[in-house]
Amino acid sequence: MVATIVTFCGFTWSHYHTLAEEGISLPKFEHTNNKQFLHNVKQCVHHVYYHNDIEKVNLEVLLAQAALESGWGNSRFAREGKNLFGIRTYDLREPHMLPSNNPKKWGVKVFQHECDGVLWYINTLSNHHAYEKYRAQLALGADSLDLVDTLDAYASDKDYSWKVKSIIKKIRENFRH
């Protein structure tokens with residue numbers, strides 16, 4: 001299923017690369033704590049929405065998934081590959097990193113900037129058929145905690161929804177402005 005996502009969303013890489021080439025400045029992505037990490041991801045979201053005609057996704061879910069998938073921006077894939085969402089590629093000719101278990105059939109996509117991965121993630125949730133239920137619930141105004149239950153195609157971890165919900169609750173309790 002992820003191979004389909006990669007093929008479907010392939011246009012985003014070259015499109016976003018063109019924006020960078022045109023001199024559009026990208027948000028700086030430096031952080032020393034979780035609050036700064038969340039702020040930086042939000043800056044990328046605002047940047048992506050400003051420069052792209054794209055459907056909006058639920059910000060709390062996006063932030064929680066970025067935090068979980070990247071270890072709050074501290075994982076090797078986040079630091080070296082600028083991939084905050086664990087986005088895979090099955091086209092090993094694309095820039096990628098191999099996980100430590102070296103699957104050889106897929107890699108974790110490498111982006112030029114963290115905002116590239118945010119754009120990829122938003123395009124995936126906004127357009128891929130696996131997230132139709134997510135989009136329908138989002139349109140009805142569903143709460144973030146309920147939306148997480150529609151993302152079962154995103155990860156194979158049976159506890160994934162519980163983990164994302166826990167982070168949403170942590171964000172609500174500790175990082176409200």
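Residues numbered from 1 in each chain as written. Predicted model: local features only at pLDDT ≥ 70, side-chain atom pairs only at ≥ 80, totals over all residues. Heavy atoms only, no water.

Pairing is antiparallel in the open sheet, where three strands are placed in the order S1-S3-S2. Edge positions in the sheet fall to strand S1 (88-89) and strand S2 (96-97), since each has one partner strand and no second. With two bridges joining them, S1 and strand S3 (residues 107-109) adopt antiparallel strand pairing. Along S3, the bridge assignment pairs Thr89 with Gly107. (Pairing = 2+ DSSP bridges. Helix = DSSP H or I, 4+ residues; strand = E, 2+ residues; numbered from the N terminus.)

Take the packing of aromatic side chains next. For any pair of aromatic rings, geometry is given as the distance between the ring centres together with the angle between the planes. All told, the structure shown has seven aromatic pairs when counted by the stated rule. Seen from their ring centres, Phe37 and Trp72 are 6.2 Å apart, and the 70° between their planes marks the pair as edge-to-face. Here Phe37, found in helix H3 (residues 34-51), pairs with Trp72, found in the loop between helix H4 (59-70) and helix H5 (76-81); they are 35 residues apart in sequence, far enough to count as distant. Overall, the relative accessible area of 0% leaves Phe37 in the buried class. Judged by relative accessible area, Trp72 falls into the buried class, the value being 12%. An angle of 70° between the planes, with centres 6.1 Å apart, marks the rings of Tyr121 and Tyr154 as edge-to-face. Taken together, the residues span a long stretch of sequence, with Tyr121 in helix H6 (residues 114-127) and Tyr154 in the loop between helix H8 (144-147) and helix H9 (160-174) at a distance of 33 residues. Judged by relative accessible area, which is 2%, Tyr121 ranks as buried. (Phe/Tyr/Trp six-rings, centres within 6.5 Å; stacked < 30°, edge-to-face > 60°. Buried < 20%, exposed > 50% of the residue type's maximum accessible area, 1.4 Å probe, protein only.)

Pairing is possible between side chains of opposite charge, provided their charged atoms come close. What the rule picks out here adds up to seven salt bridges. With a shortest N-O distance of 2.9 Å, Glu60 and Arg172 are connected by a salt bridge. Of this pair, Glu60 sits in helix H4 while Arg172 sits in helix H9, and the two are 112 residues apart along the sequence. Residue Arg172 is classed as partly exposed on the basis of its relative accessible area, which comes to 26%. Lys163 is paired through a salt bridge with Asp157; the nearest N and O atoms lie 2.5 Å apart. Classification of Lys163 as partly exposed rests on a relative accessible area of 30%. (Salt bridge = Lys/Arg side-chain N within 4 Å of Asp/Glu carboxyl O.)

Judged by nonpolar contacts, the single largest core of 44 residues is most densely connected at Phe37, Leu62, Phe85, Tyr121 and Ile122. Within the residue set of this core, elements represented by two or more residues are H3, H4, H6, H8 and H9. (Core = buried A, V, L, I, M, F, W, Y, C linked by side-chain atoms within 4.5 Å.)

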